[in-house]
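Spelled out, the chains give:
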Amino acid sequence: MFTRLSLLLAGLIFSVAALAADNQYVLGVKGLACPFCAYGIEKRLNKVDGVTDIQVDIGDGVVRVTLQEGKTFTEEQADQAVKEAGFTLHSFSRAEGEPGGNDAY
Amino acid sequence: MRTDIHPMGTLALVGFLLAGASTAHAAPNTFNTALPVAEGQSIWREQLVLRERSDSGPMDRKVSVQALGSVLAYGVTPKLAVFGVVPYFFNKELDVTTPMGRINRDTGGIGDVSIFGRYTAYQDDFIGGTFRIAPFLGVTAPTGDDNDRDRFGELPRPLQAGDGAWDGFGGVVTTYQTLQYQVDAQLLYRENGRHDGFARGDETHFDASLQYRIWPRSLESVSGTPGFVYALLESNLVHRERDEAGSSTDANSGGTQWLLAPGLQYISRRWVVEGTVQLPVAEDPNGDAIADDYIVRVGFRRNF
């Protein structure tokens, strides 16, 4: 019984992780160099339909965007949101390295 | 006997408030920056300004100002931001020696409100940094009281909360920012209008700032968006023409001064908390125009 519950829980965790990875995009942003700047990007990206979480890694100039299951996020949307924040999109990819279009500008 | 305060009066203070209280992002404490305000983003700033001026002449004048600069910035587009600046004087006080003895005169209230726009004309973004150039242009409206009186009569014009005239100003600000440091520079020219036969001298400001990140020491082992602490050193070179009264100029007004301002700044995603002290390092007042002793600025910013 315990073994079965453990397997079920592991499967559930794996499923959630898989879903999260499938709906996550990684944006390289040029011009991002201070914490206060990061909020402007977060604010613009939060306006994209389906966005549930945004993580900014300021040291690497990377923004990780997570969307709801079934939602998509295009390079054009990313470029628009980053421009509206006053910065420049450098790269765009789906999480785990799957290219989502042109990787560099 | 005139108990006038010649240079660095209301408008000079408004200019300082304007220069220091209009900003976005990591930015200098005493003037503007070229960093963007995101489209649809607002930034609220409050800066408390404490200013002391004096001279060593026979009148032994001492001027104390306690004021609050309130700023609201809004990103119209990624390149265009508009700013509103409202100075409020808790107290403007003059102590002066006269034939009647030592007297005190003071006033307070809202000063002259300014509105200006700033446009990013040049933008070069790179990984971990940016270089930008942004001109700006604005007006100051005569919203402050310019005819306040006390038991001695009408207050001297430079002591009034407002100057009664519409003024214009413009300039350019440039910013070079990296994850480790930031350099800003600004050139601002203010043309002060004429009201009731009086016009304060026009002003030219050349400001520069170096902000160096002192914490975290390194970003190599840091993830996410940590708060930054910057140590700042700012330079303010201000030249003001002589005041005009009627058809003549006041020989004891205006001049040139250079101030250095060390400071600290803490920056997070949503807040900036800052403080700085401007200290005169060189002054060349016209005639017996009064000079600054120091200016303290403490404030915060919040984005939303």
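These numbers were taken from a predicted model, which means no experiment stands behind them.

Participant: When you look at the interface of chain B and chain A in this model, what are you seeing that I'm missing?
Facilitator: Much of the literature gives interface size as the accessible area that the parts lose upon coming together. Taken together, the contacts link 40 residues of chain B with 25 residues of chain A. Summed over both partners, the interface of chain B with chain A buries about 2500 Å², with 60% contributed by carbon and sulfur atoms. The interface formed by chain B and chain A includes 1 salt bridge. Residues B:Arg269 and A:Glu42 are paired through a salt bridge, measuring 2.6 Å at the closest nitrogen-oxygen approach. Applying the counting rule to chain B against chain A returns 13 residue pairs in polar contact (both at pLDDT 80 or more). Elements supplying a minimum of two residues to the side of chain B that touches chain A: β1 (42–54), β6 (122–126), β7 (129–140), β10 (167–178), β15 (228–240), β19 (271–285) and β20 (291–303) of chain B.

Participant: Just checking my understanding: could you explain the state of the cysteines for this structure?
Facilitator: What we call a disulfide is simply a covalent bond connecting the sulfur atoms of a pair of cysteines. All names here are of chain A. Here the structure, examined in full by the defined rule, presents 1 disulfide over all chains. One disulfide bridge connects Cys34 with Cys37, the sulfur atoms lying 2.4 Å from each other. Its torsion about the S-S bond being 85°, the disulfide of Cys34 and Cys37 is classed as right-handed. We note that Cys34, like Cys37, is buried.

Participant: Teacher, can you tell me more about helix α2 (residues 35–45) of chain A here?
Facilitator: Owing to its 3.6 residues per turn, the α-helix brings residues three or four apart onto one side. Buried residues dominate α2(A), accounting for 11 of its 11 residues. Buried within α2(A) are the following residues: A:Pro35, A:Phe36, A:Cys37, A:Ala38, A:Tyr39, A:Gly40, A:Ile41, A:Glu42, A:Lys43, A:Arg44 and A:Leu45.

Participant: Teacher, can you tell me more about the sheet that holds strand β1 (residues 24–30) of chain A here?
Facilitator: Strand-to-strand pairing in sheets goes through backbone hydrogen bonds, with the strands running parallel or antiparallel. Residue and element names in this part refer to chain A. Read from one edge of the open sheet, 4 strands run β2-β3-β1-β4, paired in antiparallel fashion. If you trace the sheet from one side to the other, it starts and ends with β2 (51–57) and β4 (88–94), each paired once. Averaged over all pairs of adjacent strands, the angle between strand axes in this sheet comes to 20°, irrespective of strand direction. Here α2 sits on the sheet in contact with β1, β2 and β3 (62–67), set at roughly 160° to β2. Sheet contacts for helix α3 (residues 75–84): β1 and β4; angle to β4, the most-contacted strand, approximately 150°.

Criteria and cut-off values
Residues numbered from 1 in each chain as written. Chains lettered and ligands numbered in written order. Predicted model: local features only at pLDDT ≥ 70, side-chain atom pairs only at ≥ 80, totals over all residues. Heavy atoms only, no water. Contact = heavy atoms within 4.5 Å. Buried area = accessible area lost by both parts, 1.4 Å probe. Salt bridge = Lys/Arg side-chain N within 4 Å of Asp/Glu carboxyl O. Polar contact = N/O pair within 3.5 Å; in protein donor to acceptor, adjacent residues only side chain to side chain. Helix = DSSP H or I, 4+ residues; strand = E, 2+ residues; numbered from the N terminus. Disulfide = S-S within 2.5 Å. Buried < 20%, exposed > 50% of the residue type's maximum accessible area, 1.4 Å probe, protein only. Pairing = 2+ DSSP bridges. Axes fitted to C-alpha atoms, helices over the stretch in contact; angles between N-to-C directions.

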